[in-house]
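Structural features, examined
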Amino acid sequence: MIHHHLTTALRTALNYYLDAANQAATLEHLYNTAHDDTTLIKVLAELREKAPKVIPHATAGAQGLPLVVCQQLSRNVTHRPLGGTALGVEQTISNQTAQIEVMTAGAEVAEVLAQLVVTALHALRADFIANGYLSFQFDSIAELAPQEMLAAEELGVFVRRLNISAMLHDSSTARLFSPDEVIGTLSLGLTPQGRVTPL
């Protein structure tokens, strides 16, 4: 779930940041002390010329650089509130982790695009919280493993991996089965109270 939310959010954010009409706001918003404005403007122009594609992991079809890939790594249910809600809706609270891979053909482009993604994640945190997330945070940028680094250098690909963690409130809006529906030899009815209907 989180990777689809990240994909949608980052597509919107990068479209805004890479719009030439928003360049001044992007430069002001982008916290980057490693590059001067001249370099940033050059890299932003390069990214506008060949805009990065933001996709979920394992998307079918050939993809070209630059690329931003969102992947869910884990989903662990930590709480299952007893009795659901007052409306009887089933719900869980889960911890989820995700990874965003930024892949480009140049080192400076990789750094700036990764920084744009980090800036977007900080700016969009309130939107994630407003849409059912109990917590949402950018954790770190991970280095590639040595063998991955060698392979990436051989292919001329520069990669940055960003780690995200969040806590979500998941709920089911309706019951899948009616109380007395029979599927094969399995009865889902509980009549009388608390007793499974005999087969």
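Here the structure is a predicted model, which is why all the values come from computation and not from measurement. (Residues numbered from 1 in each chain as written. Predicted model: local features only at pLDDT ≥ 70, side-chain atom pairs only at ≥ 80, totals over all residues. Heavy atoms only, no water.)

For the rest of this paragraph, the subject is the packing of helix α3 (residues 37-49) against helix α4 (residues 107-130). The N-to-C vectors of α3 and α4 enclose an angle of 85 degrees; their axes lie 10 Å apart at closest approach. Overall, the two elements α3 and α4 adopt an arrangement that is roughly perpendicular. From α3, T39, L40, V43, L44, E46 and L47 reach across to α4, where they touch E108, V109, V112, L113 and L116. (Axes fitted to C-alpha atoms, helices over the stretch in contact; angles between N-to-C directions. Helix = DSSP H or I, 4+ residues; strand = E, 2+ residues; numbered from the N terminus. Parallel < 35°, antiparallel > 145°, perpendicular 65-115°, else oblique. Contact = heavy atoms within 4.5 Å.)

For the rest of this paragraph, the subject is the environment of L18. Positionally, L18 belongs in the loop between α1 (2-17) and α2 (23-29). Between the C-alpha atoms of L18 and P52, which are 34 residues apart in sequence, the distance is 9.7 Å. Those residues within four positions of L18 in sequence are excluded, and the remaining contacts are L44, L47, R48, P52 and L116.

This part covers empty space enclosed by the protein. As enumerated under the stated definition, the model contains 1 cavity of 30 Å³ or more in all. Taken as a whole, the largest cavity encloses approximately 50 Å³ of empty space. Lining the largest cavity, in full, are I141, A142, E143, L144, M149, V159 and R160. Secondary structure elements with two or more residues in the lining of the largest cavity: β4 (133-142) and β5 (158-171). (1 Å grid on protein atoms, 1.4 Å probe; cavity = no way out; pocket = protein on both sides within 12 Å on 5 of 7 lines; lining within 4 Å. Points joined across faces, edges and corners; volume = space filled by probe spheres on them.)

The final tally for this structure, using the stated rule, is 4 aromatic pairs. With centroids separated by 4.0 Å and ring planes inclined at 10 degrees, the aromatic side chains of F128 and F136 adopt a geometry described as stacked. For F136, a relative accessible area of 2% corresponds to the buried category. (Phe/Tyr/Trp six-rings, centres within 6.5 Å; stacked < 30°, edge-to-face > 60°. Buried < 20%, exposed > 50% of the residue type's maximum accessible area, 1.4 Å probe, protein only.)

Such coordinate-based values are descriptive only and should not be taken to indicate function.
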